[in-house]
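Report on the structure
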Amino acid sequence: MPGTRTVPGAPDGPEALDATGLCARLPSPLCPVADGRFARHGVRLLLKRDDLIHPELIGNKWRKLAPNLRAAAGRTLLTFGGAYSNHLRATAAAGRLLGLPTIGVVRGDELAHRPLNPSLTRCAADGMRLHFVDRPTYRRKTEPRTLAAILCAAGAQDAYVVPEGGSNALAVRGCQELGVELRGHADVVALACGTGGTLAGLAAGLAPGQWALGVPVLKGGFLDAEVRALQDSAYGGRRGTWSLDDRFHFGGYARATPELDTFAADFEQRHGLPVERLYVAKMLYGLVALAEEGAFAPGTTVAAVVTGAPLV
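Residues numbered from 1 in each chain as written. Predicted model: local features only at pLDDT ≥ 70, side-chain atom pairs only at ≥ 80, totals over all residues. Heavy atoms only, no water.

Regarding the overall build of the protein
The number of helices and strands found in the protein is 11 helices and 12 strands. Here the C-alpha radius of gyration of the protein, 19 Å, is about what a compact globule of 312 residues would show, namely 20 Å. Projected onto the principal axes, the alpha-carbon positions of the protein cover approximately 60 × 40 × 40 Å. Within the protein, the fraction of its 312 residues that count as buried is 54%. (Helix = DSSP H or I, 4+ residues; strand = E, 2+ residues; numbered from the N terminus. Rg over C-alpha atoms; globule rule 2.2 N^0.38 Å. Buried < 20%, exposed > 50% of the residue type's maximum accessible area, 1.4 Å probe, protein only.)

Describing the sheet that holds strand β8 (residues 160-162)
Across the sheet, which stays open at both edges, the four strands sit in the order β7-β6-β5-β8 with parallel pairing between neighbours. The sheet is open, and its two borders are formed by β7 (129-133) and β8, each paired with just one other strand. Recorded for the sheet is a direction-independent mean angle of 25 degrees between the axes of neighbouring strands. When strand β5 (residues 77-81) meets strand β6 (residues 102-107), the two strands line up parallel, connected through five bridges. The residue of β6 that forms the bridge with Gly81 is Val106. Packing of helix α2 (residues 60-72) onto the sheet brings it into contact with β5 and β8, and relative to β8 it is tilted by some 165 degrees. Relative to the sheet, helix α6 (residues 144-153) contacts β5, β6, β7 and β8, its axis offset from that of β5 by approximately 115 degrees. (Pairing = 2+ DSSP bridges. Axes fitted to C-alpha atoms, helices over the stretch in contact; angles between N-to-C directions. Contact = heavy atoms within 4.5 Å.)

Points about empty space enclosed by the protein
Tallied over the entire structure, the rule returns one cavity of 30 Å³ or more. Considered as a void within the structure, the largest cavity measures approximately 30 Å³ in volume. Lining the largest cavity are Cys193, Gly194, Pro216, Leu218, Gly221, Phe222, Leu223 and Asp246. Residue composition of the lining of the largest cavity, grouped by class: five nonpolar, two polar and one charged. (1 Å grid on protein atoms, 1.4 Å probe; cavity = no way out; pocket = protein on both sides within 12 Å on 5 of 7 lines; lining within 4 Å. Points joined across faces, edges and corners; volume = space filled by probe spheres on them. Nonpolar A, V, L, I, M, F, W, Y, C, P; charged D, E, K, R; others polar.)

Some thoughts on helix α4 (residues 118-125)
Those residues of α4 not exposed but buried are Ser119, Leu120 and Cys123. Projection of α4 onto a plane perpendicular to its axis shows the buried side chains occupying an angular sector of 90 degrees, all on one side. Away from its buried face, by an angle of more than 90 degrees, α4 presents the exposed residues Pro118 and Ala125. Buried residues along α4 sit in contact with α3 (86-98), β6 and β7. The opening residue of α4 is Asn117, an N-cap whose side-chain oxygen sits 3.0 Å from the backbone nitrogen of Ser119. Positive phi shows up at Gly127, right after α4, with a value of about 95 degrees. (Arc of directions from axis to C-beta. Polar contact = N/O pair within 3.5 Å; in protein donor to acceptor, adjacent residues only side chain to side chain.)

A look at unusual backbone geometry
A cis amide bond links Leu26 to the next residue, Pro27, at an omega of -10 degrees. With respect to the helices, strands and loops of the structure, Pro27 is situated in the loop between β2 (23-24) and β3 (30-33). Non-glycine residue Ala73 carries a positive phi angle of around 50 degrees. Topologically, Ala73 is positioned in the loop between α2 and β5. Accessibility expressed as a relative area gives 54% for Ala73, which makes it exposed. In this structure, Phe250 is a non-glycine residue whose phi angle is positive, near 55 degrees. As for its placement among the helices and strands, Phe250 is situated in the loop between β11 (242-244) and α10 (258-271). Using a relative accessible area of 14% as the deciding quantity, one classes Phe250 as buried.

Considering the layout of surface pockets
Taken as a whole, the largest pocket encloses approximately 1,300 Å³ of empty space. Around the largest pocket, the lining comprises 47 residues; the ones closest to its centre are Arg107, Lys141, Glu164, Thr195 and Leu218. Ranked by residue count, the leading element in the lining of the largest pocket is helix α9 (residues 223-235), at four residues. Looking at side-chain class alone, the lining of the largest pocket contains 19 nonpolar, 18 polar and 10 charged residues. One number sums up the size of the second largest pocket: a volume of about 370 Å³. Along its surface, the second largest pocket is lined by 19 residues, and Pro55, Glu56, Ile58, Arg89 and Ala309 are the ones closest to its centre.

Quick look at the packing of α2 against α3
Contact geometry for α2 and α3: axes closest at 11 Å, N-to-C directions at 50 degrees. Taken together, the axis directions place α2 and α3 in an arrangement best described as oblique. Considering the relative orientation of α2 and α3, their crossing is right-handed. Note on element contacts: α3 touches α2 through Asn86, His87, Ala90, Thr91, Ala94 and Leu98, opposite Lys61, Leu65 and Leu69. Classifying every residue of the contact of α2 with α3 gives five nonpolar, three polar and one charged. (Parallel < 35°, antiparallel > 145°, perpendicular 65-115°, else oblique. Left-handed = near helix turned anticlockwise from the far one by under 90°.)

Some points on the pattern of salt bridges
Counted under the stated rule, the structure contains 19 salt bridges. The partner of Asp51 in a salt bridge is Arg49, with the nearest N and O atoms 2.8 Å apart. Asp51 sits in the buried class, given a relative accessible area of 11%. Judged by relative accessible area, Arg49 falls into the buried class, the value being 16%. For Arg270, the salt bridge is made with Asp266, and the minimal N-O distance between the two is 2.6 Å. Residue Arg270 and its partner Asp266 are both found in helix α10; the two are separated by four residues, about one turn of the helix. Accessibility expressed as a relative area gives 44% for Arg270, which makes it partly exposed. (Salt bridge = Lys/Arg side-chain N within 4 Å of Asp/Glu carboxyl O.)

As structure tokens, then:
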């Protein structure tokens, strides 16, 4: 891996130069927000602006990738994702910034014969080699024989493999610092969840008495077991207090409704914050609904983690 260096385009303000050579703004800002939908229930809302950590490795992507980049030690990075994967985009950007080859294994071999969508176009522009696999094979990608076959087909037998969403024990411990940064600042910390790695680490880093709330963006109700398994892998057992609310996926990953888009546009107008639709909008919508339901006692401070920004 190239020696430690400052990456052009790193954010202004307080910065931390990670051992990977990626310059990050840490801790990320914690900003109070005046919103009557919370205030009328006696709830205070804060935004944890992880979207400002780095201009290209945004939010939890930086926290999860940084420890894996160190472990890769200059090897080719191979990882997995769907056609709209923020994780693939972040891995491709990291490869470009650090001069590392990257391979993205994309779910759906039918996509190989179609024009690339904007997300995959960005990956390719950043130098990522895209390898498309059929959906049954993709579902079995964690099985040793299937993974070995994928690596062979991609010509990447010696690559450093990062799992889908970047969630492994290293990533979980990397996200633990998010919880540490929020100790003493909020009673409830909420974030949108894809593969569960950020929630697993966040909960471990929070202080006793704080509660981490995950809002899954995929259907299926499988994430509880995934978070437990990730904490077992990283810490040997459950850490912290956390729960999931599965009601706000709006049809599943990369899906939305006119209602969600209207909500996100309204939040943008109220607070001047560009709202990413696949994750952040669903989490914010869920928090407003929970406040209306009386899920938060008067006097509660809720911190909403802004884990991403809209694709531009």
